[in-house]
Every structure is written in structure tokens, then in C-alpha cells.
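Fold and geometry: a report
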Amino acid sequence: MLCLKNKSEENTKQINKNTTRKIKGTVVLMKKNVLDFTDVAASFLDRIYEVFSKGVSLQLISAVHLDPENGRGKLGKPAFLERWVSSITPLTAGETVFDVKFYWDEDFGVPGAFIIKNYHYSQFYLRSFTLEDVPGHGRIHFVPNSWVYPVRRYKYERVFFSNKTYLPHDTPEPLRKYREEELVNLRGDGNGMLKEWDRVYDYAPYNDLGSPEKGNEYARPCLGRSKDFPYPRRGRTGRKPVKTDQNTESRLPLISLNIYVPRDERFGHVKMSDFLAYALKSILQVLNPELRAICDKTPNEFDTFEEVLNLYEGGFKVPKWTVTKLQNHIPWELLKELFRTDGEQFLKFPPPEVIKEDKTAWRTDEEFAREMLAGINPVVIRRLETFPPTSKLDSQNYGNQSSTITREQVEKNMDGYNVDQAIKMSRLFILDHHDTLMPYLRRINSTTTKTYATRTVLFLKYDGTLKPLAIELSLPHPDGDHHGAVSQVYTPAEGGVEGSIWQLAKAYVAVNDSGHHQLISHWLHTHAVMEPFVIATNRQLSVIHPIFKLLHPHFRDTMNINAFARQILINAGGVVEATVFPAKFSMEMSSFIYRNWVFTEQALPADLLMRGMAVKDSKNHHGLRLLIEDYPYAIDGLEIWSAIETWVDEYCSLYYPTDELVQHDTELQSWWKEIRNEGHGDQKDDPRWPEMKTRDDLIKTCTIIIWIGSALHAAVNFGQYHYAGYLPNRPTVSRRFMPQPGTPEYAELESDPEKAFLKTITAQLQTLLGIALIEVLSRHSSDEVYLGQRETSEWTTDSEALAAFDRFRRRLLEIENNINERNGNKELKNRAGPVNVPYTLLYPSTSDMSRIGGLTGRGIPNSVSI
């Protein structure tokens, strides 16, 4: 323990001993670090500053008594941190605990906040501050969890509040101005380039993806604040525009991760260490020239599935000269993660679960269909209600886009049903990517990509599994979009060239689904749509507001990972464009889909009803009945949804017993107005936004936000490596069209179907890039905080809120047991399927306190953090 005491000894002599007493407290902080190590240089300079300056001061703010001169809480005398110089600083980054003693006067009352001033050279992370035995009150705890920079970096005082919770009108009068001014500081003034210590949360459109100064090939449209390209807002950085285009924000050097986000939104040192240990694999575009040289020496193709499997079993040999050359340009600490410890084996990946037990089961029709219910994109399949399938595209612009699939083509495999009977009995389903892709398909196919817009019709069998009946592959009409689509239909076949063609048809579907998954289900519908909620919450809700405390854990690291994505993944020429089939049109296409995004439809029950996967049924626990009873994502998801909803209901009811309190909460109303009008401003006129006039509006809104940030993201993210780590199962690109009879490609398909398949899907280099990316995305960090967990147990003093959260935690533990039981039930064939991969993507991992992380394929983190 180190000691904090008042440096001004002469002041203490004047204190009336009859009315004062000492209050003991504890400060927990972490000094500036570089990844897992203390910044030794900064620590040395801090010691110099300690000798010649004032060190670090803390000053209590009364929650009871006003200072009549300024109308704020009365300030206590500052206490200064001493013995910094004599304390031992460990080499590894970690927390240091200090004792602190304040002189308390009975005229001061109970402290409700404190001011901290850092007179050192460098910043430190203030974890917590606790006062013991405050007269008339007892223990008071503060949870700052914030980086405190030197005073020269701020134009205002750093104020932290105790862990009490107050609605705006309930805030003690001495603390109100501090509460209001802190929010003003966090909003900033909208001007200038933001620095790491600025703490400003502000909005900007996605105008930082392109690099037009490099040429038209790298120019990208601004997404957001535009009728043509609507999009959620991102955090503002304030970087200057490029000289060649005033509407495009300048970019940092490619390998720089020093992108502005408010300092407290940046990864902690543990998360950053974990991320950097694998991050080079996600920025392999830096190595593209070297990789291309290697692949030129061995043609950029996999000739057999065995060669693909060799990525997991034998690795990829790199000439020694290449290793040496790369070492000269990249820090070895990062490079060694690519060049594993098994010598010069390059990109030797862990075997994905989908091929662990059976290396060919992924090719079965049952597994192909099962992954629509229990894979990494189980949010697209819908019930087919009309036949043939129709299109919602504008016929004036796109002509006739209705499906050409016929009854004869599907009824031969429908177990004796005809189409009308199957529709009536809810046994026909469809995976439909046609309307999403068709408006962009002509442009996409002008690149190296050669693909189709697909529709897949499926039949629900009596054993609860799905089987594909037909796949339709469509292209824009060669004479123009207004002439409609040109389509081919393929039906299941097992042997000969027909079987090989059917496997290729499924591959084109997988390419569509992979692109939709990565760009829409994953990036747009979780990462991008969440960022405005993060920004608005910090701008408009005080840290002592109950809704801030409810939502804040579900925003952890979201702004930081999104900033990294803009820098190295979704930027022009980035990894996503290099590995996902829409290529340079990827983000523009996601903007096209955002037009139809509706906040209330992100609620799981609403989504299932909208897709026709469920019908309303008041007799069922969730108020609906699933039409595919063995739908793992929906079954597990509804239990998670219900647990979140109950927790939010109980919590919000504590602070908002009436609707009037919702309506009169000034911070809450400003928060919701800003989300609609600015954060999701391109959707502000949608009448389906909750009005935020009732407690039910608030409960619904918070439940949806928590669902998106936790369970929805987990469902579409952490299984990526399990299923897509083996690229033939979920190829991300197709490079040539379906071979036609009489062509050399068709002859190759007849003579060497494996080679023809692999020459059609993702190429060797793209496979390396793609697998590297999804391995990073699929990993849990070792400091993961899962749903039902909090970083600190003292996040509030409200016992009823803590009790409600404990009920939530216990309910999640019950759900873990339920999922294990369902996975052990062999009658539920969709839980594991032919590949024998149990569905655990919505297993909460509330019980997991190991802090190990890794490629677990299970666990719901609180937030979108990777």
C-alpha cells in the first residue's frame, strides 16, 4: 500500500480539531502502458515531474452543501499523492493500490463526486476510488474506469461521480451543474482534429473509406447524410479532407491503428495485446506483393481438396528469402504470429470444426440446408408464401424479376406433397438473395467476380430437417436491366456431371450467403447500427443516469473495433473488398440494404414473424410458435431474448414507475431524439421508431439495443471460423460462371470435378486472406465480459437493481443447461447435423470466469467488440 496525504501540512494545523476527522480511502490506478508492459520512459518522466511539480491531487465535492459563490457542491481541500518516486513500478502493466486520507468537516456533508488533477507528464488509468467510514454514511465507492491525462491536456476539470444512480430531476442540487457540464464536455464543439485526450463523442458520415488521391480506382462514395447512400453515423475524427476531394476525409497510413476514438473507448491493454497478436493476419493486404510473388511460383489455385486441407495440416512453405525480407519491414513481435513456431510453415491454421470429424459431410444437402438454421447466417431464411417466388424490385427499372422455378421441378422431391399443400402446411422455405444482389450484379460482374443472384427453395421434412428442392441462378438481361432477369434452375443430383453441377449451384448460393453475412448480417446489422447508440448515450446520458448504467456494458470496444474496420477491412482495397465477392461495391451495397433497416424489426420475435418463421400464439411462452420446431438459432435466441427483456423490464420499472417519468426525463428525451435525428438520421422519417413516451417504449428500445450488441452479434460472428474457416464450405467469391455443355470448362468438370470446383470459387490468395480475417474475428479475447457478467460488482448502489441483475444471471445459467440438454438430444437433428458441430453460438458463457478466450465457438459477450 502507498500513502496519499495532504502536501500542504500548514493547512492541516488550521483545521478545527473539534469539527474535523480523517476519512480513509483507497485509489486503484494503472500507469501508462505499452500493451502488456509498463511504459518505462513515461514512468521515469512522471517521477521527474513528481519531484518538481505537484503530483496528483484529489478533491471531494459535497452532494449536500452548495458553495454560495458558484451554486455548485462545496469543495474539500485537495489531497496529493505522495511517495510516487519511492514506489516500485512493475515492468508488466498492472494496477497499483494507494491509500488516501482526507480531512472531512461536518459542514461538508456526504461527498457525491470528486475532482482529480494529474500534474505528471503522462496519463494513467483510474480504476476505482473508495472512501471508508464517511460519517453518517459509511462506505462510498466510485468507479471511474477512465484514463486521466495531465491537466495541460484539458480545458476543464475531470469530475467523477459515486456509483449512485439518479434521474436528472433527482440529482442532488450541488451535483447538477457538474452533471450538465460533463455532458457538454463530451459533446465537444464540432471543430478541429480530435486528439487522443479529447474525450469527444461526435458524428460523421462514412466519408473515410476511399483514397481518391490514389486514383479513381480507390474513390468511394460518402455513406450517410445522403439520399442516395443512407447509412448510420460513425464517430467523428476531425481529420482534414484530401486535396483532390473535399468530401473525403484523409486516411492514416495503412498499418496505423492510432485512429481517434475517445480514449475510454479504446481497447484495454489485454484486449489490444490479444488483438495485435492476430491482427497482422487481418491486414495481409500489406503483404500482398510478397504473397503474390509466392503464389506466382506456385499457381494461384488449389487443385484438390487435399491441398486446401493442407492449410490446416501442413501449412504453406515460404522461401527463406521471403521471411528475411518481411522481417526487415515488419516488427518481429507481429511477424512471428504469422510464421508459427513450427519453423517456416506459413499460415498453418487450426482445423475448423466443420471438417474435424468428417472431411466431406459439408457437401451433403442436409448440411447445406441445416446451416441456414444453425450456421453463421441463420437470419435470412424465410417461409415461402407464394409460388413461384416473386420480387419486390421496381419492375419499371428491373423488368420481370419473378422466379422461373416451376412446380414440376420441385414437386418431384416433396415426399408426395404438391406446392399448394406444402405452402398451406408451412413446409416450403426459401433462402432468397435475388433482390439484394440484382441491382448491383451487373457492376459486380464487371470485376473479376463472376456470380449470380440466387434463390434456393427448401422443403421441411417430417424429421425436422430441410432439404433443398431447387436453386435458381439469375443474371441481369444482356440487353438491359429493364428486360428482367435471365435465369437457370438446377435440382438435386448425386452422381456424374449432374452431381458436380449441383455442387457448383450450392457453391454459388454459399457465395451469395457469405457476402450477405459479412456485409449485412454482421457488419451493417450489428457493428454499424450500434455505433450511433454508443455516441448518443455518451453525449446525452450522464454516467449516473440509470439507462446509461444499463446500456454502457453493451458498448464496450464497439467504436474502437469499428474504427479499425474502417482502417484495414472495409476501406477501398481493404481485406473485405479483396475477399468478398461484391469487391469495390461492398459498402455501397450495404448502404442499399440499410434503406430497409427498421429498428423495431431487429427484435427477435418481430424478425421471426416478419420472415414467416413463426406465427403469433398467445399459448406459447414467447407469444409465438416456430414453424420449424428444430430451429437452433431461434429456439436458443428466444430464451436469451426473454431473459434480456425480463431484466430490462425489472430494471426500468425501478426508475420509471409511470410513463410520465419517461416523458419528463430531459436527458432520455434528448438521447432518443439525437439517435433518430442524427445517429440514424437517414431513417429519421420512418414512423416505426418507438416514440419514447411510455415505459414500454423504453423497455422495448433497450431490449433491442442489448440484443443487437450481445446475442445477435455473437450468433453471426463467433462461429465464422468453425464453418467458414474451411473455404469450400462457405466460399466468398466465384470467379467464373456455371460451365455450359460443349465448353472446355464443362469438359474439365466432367474429368476433374474437384479442380473445376476449386477454380470456380475463392482463389488461393483470397483464401489465405479470408481465413486469416475470420480467424481473428472468431476469437474471444482473454478479457471477455459475457452476458450476465459485469466488470465490477459495484456498478450501482441500488440493491433492487443488483438483485434483478442476479436473477438475470441465474436465468442465463439455466439457459446454458437447456442448450446443453438440447445438444444432447439426438432427435433434434439440426443441433449438430452431419458435420457433428453442436449449436453453441448462443450459449451465454455466463458461467465462464476463466478469462482464457480463443476459438471456442460459444459465448455471448456483452458488446460488439471484435
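Not measured: the values here are computed from a predicted model. (Residues numbered from 1 in each chain as written. Predicted model: local features only at pLDDT ≥ 70, side-chain atom pairs only at ≥ 80, totals over all residues. Heavy atoms only, no water.)

1. Let's talk about the confidence of the model for the chain
Averaged over every residue, the pLDDT of the chain is 89; residues scoring 70 or more account for 87%. A low-confidence stretch, residues 281-290 (pLDDT under 50), is modelled with 40 contacts involving residues beyond four sequence positions or located in other chains. Within the model, pLDDT remains below 50 along residues 325-345, and this stretch shows 41 contacts once partners closer than five positions in the same chain are excluded. (pLDDT = per-residue confidence, 0-100. Contact = heavy atoms within 4.5 Å.)

2. Topic: the side chain of Asp202
Secondary-structure assignment places Asp202 in the loop between helix H3 (173-187) and strand S14 (203-204). Taking relative accessible area as the criterion, Asp202 reaches 13% and is therefore assigned buried. For Asp202, the residues in contact, after removing those within four places along its chain, are Arg187, Gly190, Arg234, Gly235, Arg236, Ile535 and Arg539. (Helix = DSSP H or I, 4+ residues; strand = E, 2+ residues; numbered from the N terminus. Buried < 20%, exposed > 50% of the residue type's maximum accessible area, 1.4 Å probe, protein only.)

3. Describing the packing of aromatic side chains
In total, this model carries 40 aromatic pairs according to the counting rule given. With 5.6 Å between their ring centres and 40° between their planes, Phe533 and Phe599 make a pair best called tilted. Of the two residues, Phe533 is situated in helix H14 (residues 496-540) and Phe599 in the loop between helix H18 (586-594) and helix H19 (604-610); the sequence distance between them amounts to 66 residues. Each member of the pair, Phe533 as well as Phe599, is classed as buried. (Phe/Tyr/Trp six-rings, centres within 6.5 Å; stacked < 30°, edge-to-face > 60°.)

4. With respect to the packing of H14 against helix H16 (residues 558-568)
At their nearest, the axes of H14 and H16 sit 9 Å apart, and the two run at 125° to each other. Judged by the inter-axis angle, H14 sits oblique to H16. Between H14 and H16 lies a crossing whose hand is left-handed. Contacts between H14 and H16 involve Trp523, His527, Ala528, Met530, Glu531, Val534 and Ile535 from the first element and Thr558, Met559, Ile561, Asn562, Ala565 and Arg566 from the second. Partitioned by chemical class, the residues of the contact of H14 with H16 number eight nonpolar, three polar and two charged. (Axes fitted to C-alpha atoms, helices over the stretch in contact; angles between N-to-C directions. Parallel < 35°, antiparallel > 145°, perpendicular 65-115°, else oblique. Left-handed = near helix turned anticlockwise from the far one by under 90°. Nonpolar A, V, L, I, M, F, W, Y, C, P; charged D, E, K, R; others polar.)

5. Looking at the environment of Phe142
Looking at the secondary structure, you find Phe142 in strand S11 (residues 138-142). Taking the C-alpha atoms as reference points, Phe142 and Phe114, separated by 28 residues in sequence, lie 9.1 Å from one another. With residues near it in sequence (within four places) discarded, Phe142 still touches Gly112, Ala113, Phe114, Ser128, Phe129, Leu131, Phe160, Phe161 and Ser162.

6. Let's talk about the nonpolar core
Looking at soluble globular proteins, one finds that nonpolar side chains tend to be buried together. Within the largest apolar cluster, 177 residues are counted, with the highest numbers of intra-cluster contacts made by Ile547, Leu550, Tyr633, Trp671 and Trp707. When residues in this core are grouped by element, the largest group, 20 residues, is from H14. (Core = buried A, V, L, I, M, F, W, Y, C linked by side-chain atoms within 4.5 Å.)

7. A look at the pairing of S11
Sheet faces and side chains relate simply in a regular strand, where the side chains alternate between the two faces. Bridge analysis of strand S10 (residues 124-134) against S11 gives four bridges, and the strand direction is antiparallel. Paired with Thr130 across the two strands is His141, which belongs to S11. Between S10 and the antiparallel strand that follows it, S11, lie three residues; Gly136 among them carries a positive phi value of about 80°. (Pairing = 2+ DSSP bridges.)

8. Examining the packing of H3 against H14
Where H3 contacts H14, the two axes come as close as 7 Å, and the packing angle between them is 140°. Accordingly, the angle class assigned to the pair H3 and H14 is oblique. Taken together, the residues of H14 that come into contact with H3 (itself represented by Leu183, Leu186 and Arg187) are Asn538, Arg539 and Gln540. When the residues that make up the contact of H3 with H14 are grouped by side-chain class, the tally is two nonpolar, two polar and two charged.

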